[in-house]
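# Observations on the three-dimensional arrangement
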Amino acid sequence: MVEIDPLQQLSGLPVKRTSMGRFDHENTAFMTTADNRVAFYMGDDGTPGCIYKFIPSAAFDATNRLNNASLLDTGTLYAAKFNGDGTGEWVELTQGKNGLVAGASDPGNWTQAAPGVVTPVNVDFNTQADVLVNTKAAARVAGATLMDRPEWITVGQDRTVYCTLTNNGSRVQTDAANPRPNNSHGHIIRWREDGDSPLATKFKWEILLLAGDPSIAAANLKGNMVGATFSSPDGIRVDPKGRLWVQTDAGTGSSVTNIFGANSMHYVDQVTKEVRRLLVGPVGCEITGLAYTPDLTTFFINIQHPTGTGSAGGNWPDANLPSRSSTVVVRHREGKPVGA
């Protein structure tokens, strides 16, 4: 994880925040307390990967931002364990705890000594640096739940935390939090920390929705969505009006596009779970990167790596030039907040 201070125009150099762990970081989301304690939530864009939380040791300074320059250097890293009864716990990833010792057996990394004979790889966690550099292995050893490619995380105004599990076509062994084998279309999970506190070590969780299309017969592809359908949720964010937005990064082969079309962006009602489509991107793209003005009348959305050419969908965004990534601006025709 790298932090860049955009307000330090001359001295704001990128700074590595090793204490937050080394894995395939996708984004961060945070939750704070009334006394300025904070937790950062992070997904690991891997199949499978774990969900993490980092709690700095100190509170942040709300009056002088420069005093927070080293806030992310010291703290405690956790990985999420989702139990089958809808409860969960944050497993501490600290050397010497939860099996993180020298010679620890990594249940997710095996070698084949002979045909039909496999043995787990041992990992030496002699120092906290070993834990942080080998965070994926540390999470597995400590007993965190291997999730179906956790990407974006967002925290709602009611302090519910949401995470997109984009897909995992390789899943064989299922569990309550990842209930489908060959999970090609992904799902969204949400949880509430005990006491709605970011400092809590326990939480309660549920699956918000299983992506897919009810018209598909196969149980692992069917989904339980109401209204519009999509595959492979990726970007997710709750805006200041409390609305949940989801962006997709599905494969662009015919087996997906014949059902869902190109990647898209949707509004999801957190109560009824109804899905409404806001926009559809050009051929071959991923929809990602949601930002907006404070009054929500202007949304900024990224069109990443479009591939359509000529009769296959038209070059993007200029018909006379090769397709390329872009940022689009979306506004309501009547100047209202987008999605009103």
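It should be noted that the structure appears before, not after, this text.
Reading the values: the criteria
Residues numbered from 1 in each chain as written. Predicted model: local features only at pLDDT ≥ 70, side-chain atom pairs only at ≥ 80, totals over all residues. Heavy atoms only, no water. Helix = DSSP H or I, 4+ residues; strand = E, 2+ residues; numbered from the N terminus. Rg over C-alpha atoms; globule rule 2.2 N^0.38 Å. Contact = heavy atoms within 4.5 Å. Areas by Shrake-Rupley, 256 points an atom, 1.4 Å probe, with all protein chains shown as cover. Lys, Arg positive; Asp, Glu negative; His and termini not counted. Charge placed at Lys NZ, Arg CZ, Asp CG, Glu CD. Phe/Tyr/Trp six-rings, centres within 6.5 Å; stacked < 30°, edge-to-face > 60°. Buried < 20%, exposed > 50% of the residue type's maximum accessible area, 1.4 Å probe, protein only. Pairing = 2+ DSSP bridges. Axes fitted to C-alpha atoms, helices over the stretch in contact; angles between N-to-C directions. Core = buried A, V, L, I, M, F, W, Y, C linked by side-chain atoms within 4.5 Å. Salt bridge = Lys/Arg side-chain N within 4 Å of Asp/Glu carboxyl O.

### Focus on the overall build of the protein chain
For the protein chain, the helix and strand inventory stands at four helices and 21 strands. What you see for the protein chain is a C-alpha radius of gyration of 21 Å, in line with the 20 Å of a compact globule of 340 residues. Taking contacts inside the protein chain between residues at least 6 apart in sequence as the whole, the part at least 24 apart equals 51%. On the protein chain, roughly 15900 Å² of surface is accessible, and the fraction owed to carbon and sulfur atoms is 51%. Positive and negative charge centroids in the protein chain, built from 29 and 33 side chains respectively, lie 4 Å apart.

### Let's talk about the packing of aromatic side chains
By the definition in use, this model includes 13 aromatic pairs. Between Phe23 and Tyr52 the ring centres are 4.1 Å apart and the planes differ by 20°, which places this aromatic pair in the stacked class. Here Tyr52 lies in strand E5 (residues 51-56) and Phe23 lies in the loop between strand E2 (15-16) and strand E3 (25-32), a separation of 29 residues in the sequence. The pair formed by Phe23 and Tyr52 is uniform in burial state, with each residue classed as buried.

### So, the sheet that holds strand E7 (residues 87-92)
Read from one edge to the other, the open sheet built from nine strands follows the order E3-E4-E5-E6-E7-E13-E12-E11-E10, with strand pairing classed as antiparallel. Two strands close off the open sheet at either side, each with one partner strand: E3 and strand E10 (150-155). Pairs of neighbouring strands in the sheet enclose a mean axial angle of 30°, with direction left out of account. Summarising the sheet, strand E6 (residues 75-82) and E7 pair through five bridges and their orientation is antiparallel. Counted as the bridge partner of Ala80 is Trp90 from E7. Across the sheet, helix H2 (residues 135-142) lies against strand E4 (38-44), E5, E6 and E7, angled at about 100° from E5, the strand it touches most.

### Quick notes on unusual backbone geometry
Here the residue pair Thr47 and Pro48 is connected by a cis peptide bond, since its omega of -5° sits within 30 degrees of zero. Structurally, the position occupied by Pro48 is in the loop between E4 and E5. Of the consecutive residues Trp316 and Pro317, the connecting peptide bond is found in the cis state with omega at -5°. Along the chain, Pro317 falls in the loop between strand E20 (298-304) and strand E21 (326-331). Despite not being glycine, Asn98 shows a phi value in the positive range, around 55°. Mapped onto the secondary structure, Asn98 falls in the loop between E7 and strand E8 (104-114).

### Things to note about the pairing of strand E13 (residues 202-210)
Here three bridges tie E7 to E13, and the two strands are oriented antiparallel to one another. Paired with Thr87 across the two strands is Lys204, which belongs to E13. Two strands pair when backbone bridges link them, and strand E12 (residues 187-193) and E13 are joined in this way by seven bridges, in the antiparallel orientation. Opposite Ile188, over in E13, you have Leu209 as the bridge partner.

### Examining H2
Within H2, six of the eight residues are buried, which leaves it mostly tucked inside the rest of the structure. Among the residues of H2, Thr135, Ala137, Ala138, Ala139, Val141 and Ala142 are the ones counted as buried. The positive-phi residue at the C-terminal boundary of H2 is Gly143, with phi of around 95°.

### Here's the deal with the environment of Asn68
For Asn68, the position within the fold is in the loop between E5 and E6. In sequence terms Asn68 and Ala58 are ten residues apart; their C-alpha atoms lie 9.5 Å from each other.

### Re the environment of Lys204
Mapped onto the secondary structure, Lys204 falls in strand E13. You can call Lys204 exposed: its relative accessible area is 54%. For Lys204 and Trp191, which are 13 residues apart along the polypeptide, the C-alpha to C-alpha distance reads 5.4 Å. Not counting chain neighbours up to four residues away, the residues in contact with Lys204 comprise Gly86, Thr87, Arg190, Trp191, Arg192 and Asp194.

### Quick notes on the nonpolar core
With 26 residues, the main nonpolar core has Met42, Tyr52, Leu77, Leu93, Leu100, Phe125 and Ala139 as its most contacted residues. At the level of elements, E4, E5, E6, helix H1 (128-133) and H2 are the ones that each hand at least two residues to this core. Among the elements that line this core, the one with the most residues is H2, at five residues. If you look at the next biggest cluster of nonpolar residues, it comprises 21 residues, including Met147, Val155, Val161 and Cys163.

### With respect to the pattern of salt bridges
One pass over the full model with this rule turns up 20 salt bridges. Here Lys53 ties to Glu193 by a salt bridge, and the two come within 3.0 Å at their closest N and O atoms. Of this pair, Lys53 sits in strand E5 while Glu193 sits in strand E12; the two residues are 140 residues apart in sequence, bridging distant segments of the chain. Overall, Lys53 belongs to the buried group, its relative accessible area being 0%. Glu151 is the partner of Arg149 in a salt bridge, and the nearest nitrogen-oxygen pair spans 2.9 Å. When its relative accessible area of 17% is taken as the criterion, Arg149 is described as buried. Put simply, Asp45, Arg149, Glu151 and Asp249 are held in one network by salt bridges that share partners.

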